[in-house]
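# Structural features, examined
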Amino acid sequence: MSLDFSIVWQQFPQILSAFWNTIWIWIVATILAILLGFVVAALRRYGPLWLNLLLRLYVEVIRGTPFLIQLFLLYFGGPFIGLSLEPIPAGLLGMTVYGSAYFSEIFRAGFAAIPPGHIEAAECVGLSRGQIVRRILVPEMTMLVLPQIVNMAIILMKETAILSIITVPELTLVVGAIGSQQYAFVEAMTMLALFYWALVELSGWLGGLAEKKLSKFRFAH
Amino acid sequence: MTRPAVRIRDVHKSFGSTEVLKGIELSVPKGSTTCLLGPSGSGKSTLLRCIAFLEETSSGIIEIDGDPLGFAEAGEGRRTRLSASDIRRVRAKIGMVFQQFNLWPHMTALGNVTEALVTVQGMKRSAANEIGNRQLARVGLSDRGHHYPSELSGGQQQRVAIARALALSPDILLFDEPTASLDPELTGEVLNVMRELAETGMTLVIVTHEIGFAASVGQKIAFLDHGKLLLDGPPAEIFGTPRHPRLEQFLETYLDRGAATLV
């Protein structure tokens, strides 16, 4: 018995389309999760106490339950509360919510790590609150949390595989189906692992480039 | 008699139940260098931060060149809070230099100096850079404009912070222990810049432990202890004999540590 990757390779156009779905869903969900995570962290820090407690509960519930179960409940349980979503929108929403909880914790630590004196210095030269957020807080925090952001984005990349349970036509679903149709599971799974690994290496490399560019901005003293 | 640059009237400040400033009365003459001295916890940094409006006083009035800062008198010992635009207008007369420099690490030295010119005053980048380069030259760093704070020594960072404050042409420059985070060999370069500023006739208010500097550059010494202004006068009077016993005790601890070269 020998492995024959050509059986899987013959379905190349299908695989390419699944590859593309994985990439764009990952990128869009990651961007939305970063934005939502930032808003959650900012509201927890600067909003009223009740909102902080409510959002803390949100973060803890999301972080405390498996993504698989969250996604299952969203897609199959959603219609019971009037939320019927197609697979791709449900997948995007699920990943955004899941990722936002982790990103918000990264940003929370980032907010806490900015020395208060940097904000006082900005107040002293007359920057308004909005200008302080835009010109000081966000750029400083970006450089502080970038490594963790890249790390979380890589985790999210691999989590896209779970979208297969709600029939999102991404890599795992499509390549897995080809494997079962052709009785070539090992070949399909090996290829899948290579695909994900390549994507993770690529995103890690891009993240590394960004970190290198920001390395000059490290904190002084 | 001209209006004082800063006038502090019966200022109290509490953090929770701890009263840190207990009825401070002080006036800072225009064009003078005033040094605030005192042991740790005496309230001198809090007083300076109140003048910068980084802390709000609990009661009393602070006037900057005759204009009330933050709060105005409303009769019968009460006071009203001024509008945000009034506060901004008065605060614009003040520049602040911190112990920890507080440069923004994601901007170059020039970027730090020009940030407020561009973002707050809406100045064109080229005009702001011209001012920025001039101020950096003034503190002896004309060749360091494109360096990030992490690429500069502590003394250079503090001089950039001084240039950042100067770029906005404040009437009054406040220093909160500007050399306390520096190695002794880097202290001199910062003190020299401050000495030059004092000679130009700018109003400086300096919280410092550099007693020798205070005695030689300061025209006025204010000695605080336990939230009260204990002594207030020219250095010759304050440091001349006979000295106040509390000051004597304070100076001894400094001389014991060999930190002061007292005149």
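The rules we used
Residues numbered from 1 in each chain as written. Chains lettered and ligands numbered in written order. Predicted model: local features only at pLDDT ≥ 70, side-chain atom pairs only at ≥ 80, totals over all residues. Heavy atoms only, no water. UniProt positions renumbered as here; feature names shortened; annotations may be inferred. Pairing = 2+ DSSP bridges. Helix = DSSP H or I, 4+ residues; strand = E, 2+ residues; numbered from the N terminus. Axes fitted to C-alpha atoms, helices over the stretch in contact; angles between N-to-C directions. Contact = heavy atoms within 4.5 Å. Salt bridge = Lys/Arg side-chain N within 4 Å of Asp/Glu carboxyl O. Buried < 20%, exposed > 50% of the residue type's maximum accessible area, 1.4 Å probe, protein only. Phe/Tyr/Trp six-rings, centres within 6.5 Å; stacked < 30°, edge-to-face > 60°. Lys NZ or Arg CZ within 6 Å of the ring centre and 35° of its normal. Parallel < 35°, antiparallel > 145°, perpendicular 65-115°, else oblique. Left-handed = near helix turned anticlockwise from the far one by under 90°. pLDDT = per-residue confidence, 0-100. Expected span 1.5 Å × (residues − 1). Arc of directions from axis to C-beta.

- As annotated in an unreviewed UniProt entry, chain B carries the name Amino acid ABC transporter ATP-binding protein and is attributed to Jiella avicenniae.
- UniProt's Subcellular location (unreviewed entry) comment on chain B is quoted here verbatim: "Cell membrane".
- Its UniProt record gives chain B a comment under Sequence similarities (unreviewed entry), which states: "Belongs to the ABC transporter superfamily."

- Under an unreviewed UniProt entry, the name given to chain A is Amino acid ABC transporter permease, and the source organism is Jiella avicenniae.
- Turning to chain A, the UniProt record has this under Sequence similarities (unreviewed entry): "Belongs to the binding-protein-dependent transport system permease family. HisMQ subfamily."

### Regarding the sheet that holds strand β11 (residues 220-225) of chain B
Residues and elements named next belong to chain B.
- The strand order across the open sheet formed by six strands is β8-β9-β10-β3-β11-β12, and the pairing between neighbours is mixed. Since the sheet does not close on itself, it has two edges, and those belong to β8 (94-97) and β12 (228-233), each with one partner. Between one strand and the next, the sheet's axes are offset by a mean angle of 15 degrees, whatever the strand orientation.
- Strand direction decides the pairing type here: β11 and β12, joined by five bridges, are antiparallel. For Ile221, the partnering residue across the bridge sits in β12 and is Gly233.
- Across the sheet, helix α1 (residues 44-51) lies against β3 (33-37), β8, β9 (172-176), β10 (203-207) and β11, angled at about 150 degrees from β9, the strand it touches most.
- Against the sheet, helix α6 (residues 184-199) engages β3, β9 and β10, with an angle of about 145 degrees to β10.

### Thoughts on the UniProt feature "transmembrane region" (unreviewed entry) in chain A
All names here are of chain A.
- Feature annotation in UniProt places "transmembrane region" (unreviewed entry) on residues 23-43, 55-76, 88-107 and 188-209, given in this structure's numbering.
- The span residues 23-43 carries 100% helix and 0% strand; its end-to-end C-alpha distance comes to 30 Å.
- Secondary structure content for residues 188-209 is 100% helix and 0% strand, while the C-alpha to C-alpha distance between its ends is 32 Å.

### Brief notes about the pattern of salt bridges
- In the structure shown here, the tally under the stated rule is 23 salt bridges over all chains.
- A salt bridge links Arg3 of chain B to Asp65 of chain B; the nearest nitrogen and oxygen atoms lie 3.4 Å apart. One end of the pair, Arg3 of chain B, is in the segment before β1 (6-15); the other, Asp65 of chain B, is in the loop between β4 (59-64) and β5 (67-68), and 62 residues separate them in sequence.
- Among the ionic pairs, Asp232 of chain B bridges to Lys220 of chain B, the shortest N-O distance being 3.2 Å. Here Lys220 of chain B lies in strand β11 and Asp232 of chain B lies in strand β12, a separation of twelve residues in the sequence.
- Using a relative accessible area of 35% as the deciding quantity, one classes Asp232 of chain B as partly exposed.
- It is possible to trace a salt-bridge network through shared partners that takes in Arg44, Arg63, Glu105 and Arg108 of chain A.

### Thoughts on the packing of aromatic side chains
- Within this structure, the stated rule accounts for ten aromatic pairs over all chains.
- On the numbers, 5.8 Å between centres and 40 degrees between planes, the contact of Phe38 of chain A with Phe111 of chain A is tilted. With Phe38 of chain A in helix α2 (residues 12-46) and Phe111 of chain A in helix α5 (residues 87-113), this residue pair connects regions lying 73 residues apart in the sequence.
- One residue, Arg79 of chain B, lies across the ring of Phe71 of chain B, its end atom 3.7 Å from the ring centre.
- The ring of Trp104 of chain B carries the charged tip of Arg164 of chain B above its face, separated from the ring centre by 4.4 Å.

### Digging into the packing of α2 of chain A against helix α3 (residues 49-64) of chain A
Residue and element names in this part refer to chain A.
- Interaxial distance between α2 and α3 falls to 8 Å at its minimum, and their mutual angle equals 140 degrees. Classified by the angle their axes make, α2 and α3 are oblique. Every pair of crossing elements has a handedness; the one defined by α2 and α3 is left-handed. Each of Leu36, Val40, Leu43 and Arg44 in α2 lies in contact with α3, whose residues at this interface are Leu51, Asn52, Leu55, Arg56, Tyr58 and Val59.

### Some words on the side chain of Ser203 of chain A
- With respect to the helices, strands and loops of the structure, Ser203 of chain A is situated in helix α9 (residues 185-214).
- Look past the residues within four positions of Ser203 of chain A in its chain and what remains in contact with it is Trp26, Val150 and Ile154 of chain A.

### Some thoughts on the UniProt feature "domain: ABC transmembrane type-1" (unreviewed entry) in chain A
- With numbering matched to this structure, UniProt assigns "domain: ABC transmembrane type-1" (unreviewed entry) to residues 19-204 of chain A.
- Here residues 19-204 of chain A is 82% helix and 0% strand, with 18 Å between the C-alpha atoms at its ends.

### Observations regarding the UniProt feature "domain: ABC transporter" (unreviewed entry) in chain B
- Mapped onto the present numbering, the UniProt feature "domain: ABC transporter" (unreviewed entry) falls at residues 6-251 of chain B.
- As annotated, residues 6-251 of chain B comprises 36% helix and 27% strand, and the C-alpha atoms at either end are separated by 27 Å.

### Let's talk about the confidence of the model for chain A
- Looking at chain A as a whole, the pLDDT averages 88, with 96% of positions reaching at least 70.
- Within chain A, no element has a lower average pLDDT than helix α1 (residues 6-9) of chain A, which sits at 76, and none a higher one than α3 of chain A, at 95.

### A closer look at α6 of chain B
Residue and element names in this part refer to chain B.
- When the terminal C-alpha atoms of α6 are compared, their 23 Å separation across 16 residues agrees well with the 22 Å that a helix rising 1.5 Å per residue should span.
- Residues of α6 that are buried include every one of Leu186, Thr187, Val190, Leu191, Val193, Met194, Leu197 and Ala198, and no others. In an axial view of α6, the angular spread of the buried residues amounts to 155 degrees, which keeps them on one side of the axis. Residues of α6 that are exposed and point over 90 degrees away from its buried face: Glu185 and Glu199.
- Here the buried face of α6 lies against β3, α4 (125-138), α5 (154-166), β9, β10 and α7 (211-217).
- Just downstream of α6, Gly201 is the residue with a positive phi angle, here 90 degrees.

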